[in-house]
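The residues making up each chain are set out below.
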Amino acid sequence: MRKINKTCDLSTVYKAWEEALEAANQAHPKYNSSKGVYYWDIVMQLHRCQEGLCAYTEQELCDEPLFAEDKWENGSYANLPQKEGRVGQLEHFDESLKSKQSEAAGKKDWLWDNFFMIDSDVNQRKGTKPVDNILKPDSNDYDPFEKLDYDFETHVFIPNSELSDVDFERVESMIKVLGINHVYSIRRKFLKKRLRLKYLYNDDIHENLIQFPTAFEMIERKMDEGEIDTENLV
């Protein structure tokens, strides 16, 4: 799960509205999914920030041309995007900031800082579980290479063994909450094919690495340091 630079630089009409609510300490309108005025501005801006990948699993969610800069006009996403070429759901990282259906007023339902685009199955599994910011991918102090490690045998992310006991348990818990390893089988098949091309056939595959970049880089570092033998790629 890589670090995300979550800059709202194109959906500026939404961002100005959100910042005005926050500056005035006003409750947000209740979240109503795609019926929200700025829903698509948020969704497509996030796809752009995340380069079309799920914020947690790094599986591809959206085709790059759909979030190209020319899709925005005057601070808003210009057209309702086509259904083809995109999947996933708009996710509230901390569900406690979002109002419940039973509540009359909203909370911080449209807070930019609390949004990510993620795989739909992962979103459903996460549900309303409490979260820990130690693995919030847009946090200033988040570094995947400090918080996480990658087990090449099983193709799952694990906590970095150099963490303190307390932080190790925090990271271990959040790996499960965020469903980072939910797609381990897909990730394994995708990466092994590309690792074979790189290390057995000397192909430069980086331009075609359309998903799972953090797992690939972690494996690549281990390969270059001799921690993983190329025989394991056959």
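Turning our attention to the overall build of the protein. Of the regular secondary structure elements, the protein holds 7 helices and 6 strands. Counting only C-alpha atoms, the protein reaches 60 × 45 × 25 Å along its principal axes. For the protein, with 234 residues in total, the buried portion stands at 47%. Within the protein, contacts between residues separated by at least 24 positions form 69% of all contacts whose residues are at least 6 apart in sequence. A total accessible area of about 12500 Å² is found for the protein, and carbon and sulfur atoms account for 44% of it. Across the protein, the centroid of the 31 positively charged side chains sits 6 Å from that of the 45 negatively charged ones.

Along an α-helix, residues three or four positions apart point the same way, because every turn accommodates 3.6 residues. End to end, helix α7 (residues 213-224) covers 16 Å across 12 residues, agreeing with the expected 16 Å (1.5 Å per residue, within 8%). Counting buried residues along α7, 9 of its 12 residues qualify, which places the element largely inside the surrounding structure. Gly 226 occupies a position one or two residues after α7 and carries a positive phi of about 80°.

The next thing to look at is empty space enclosed by the protein. This structure, assessed with the given rule, holds 1 cavity of 30 Å³ or more. Each pocket or cavity is described by its volume, and for the largest cavity that value is around 40 Å³. Lining of the largest cavity is provided by Arg 2, Ile 4, Gln 50, Leu 53, Cys 54, Ala 55 and Glu 58. Split by residue class, the lining of the largest cavity holds 4 nonpolar, 1 polar and 2 charged.

This part covers the packing of aromatic side chains. Any pair of aromatic rings gets described here by the distance separating the centres and the angle formed by the planes. Counted according to the given criterion, the structure contains 13 aromatic pairs. Seen in terms of ring centroids, Tyr 14 and Trp 17 are 6.2 Å apart; in terms of plane orientation they differ by 45°. Their pairing is tilted. Residue Tyr 14 and its partner Trp 17 are both found in helix α1 (residues 12-23); the two are separated by 3 residues, about one turn of the helix. Since its relative accessible area comes to 0%, Tyr 14 is described here as buried. Seen from their ring centres, Tyr 150 and Phe 157 are 4.9 Å apart, and the 70° between their planes marks the pair as edge-to-face. Overall, the relative accessible area of 3% leaves Phe 157 in the buried class. Taken together, the ring pairs in this structure connect Tyr 14, Trp 17, Tyr 38 and Trp 112 into an aromatic cluster. Here the basic side chain of Lys 6 rests over the ring of Phe 116, its NZ or CZ set 4.1 Å away from the ring centre.

Note: most peptide bonds trans; most residues except glycine with negative phi. At Glu 51, a position not held by glycine, the phi torsion is positive, near 55°. Of note, Glu 51 is situated in the loop between α2 (39-49) and β1 (72-73). Its identity is not glycine, yet Glu 58 carries a phi of approximately 65°, on the positive side. For Glu 58, the location among the structural elements is in the loop between α2 and β1.

With that settled, the discussion passes to the packing of helix α6 (residues 184-199) against α7. Following both chains from N to C, one finds α6 and α7 inclined at 40°, their axes separated by 11 Å at the closest point. Relative to α7, the element α6 lies oblique. With respect to the hand of their crossing, α6 and α7 are arranged in right-handed fashion. For the pair α6 and α7, contact is made by Arg 187, Leu 191, Leu 195, Lys 198 and Tyr 199 and by Ala 215, Phe 216, Ile 219, Glu 220, Met 223 and Asp 224, respectively. Looking at the contact of α6 with α7 residue by residue, the classes come out as 7 nonpolar, no polar and 4 charged.

Conventions used here
- Residues numbered from 1 in each chain as written.
- Predicted model: local features only at pLDDT ≥ 70, side-chain atom pairs only at ≥ 80, totals over all residues.
- Heavy atoms only, no water.
- Helix = DSSP H or I, 4+ residues; strand = E, 2+ residues; numbered from the N terminus.
- Buried < 20%, exposed > 50% of the residue type's maximum accessible area, 1.4 Å probe, protein only.
- Contact = heavy atoms within 4.5 Å.
- Areas by Shrake-Rupley, 256 points an atom, 1.4 Å probe, with all protein chains shown as cover.
- Lys, Arg positive; Asp, Glu negative; His and termini not counted.
- Charge placed at Lys NZ, Arg CZ, Asp CG, Glu CD.
- Expected span 1.5 Å × (residues − 1).
- 1 Å grid on protein atoms, 1.4 Å probe; cavity = no way out; pocket = protein on both sides within 12 Å on 5 of 7 lines; lining within 4 Å.
- Points joined across faces, edges and corners; volume = space filled by probe spheres on them.
- Nonpolar A, V, L, I, M, F, W, Y, C, P; charged D, E, K, R; others polar.
- Phe/Tyr/Trp six-rings, centres within 6.5 Å; stacked < 30°, edge-to-face > 60°.
- Lys NZ or Arg CZ within 6 Å of the ring centre and 35° of its normal.
- Axes fitted to C-alpha atoms, helices over the stretch in contact; angles between N-to-C directions.
- Parallel < 35°, antiparallel > 145°, perpendicular 65-115°, else oblique.
- Left-handed = near helix turned anticlockwise from the far one by under 90°.

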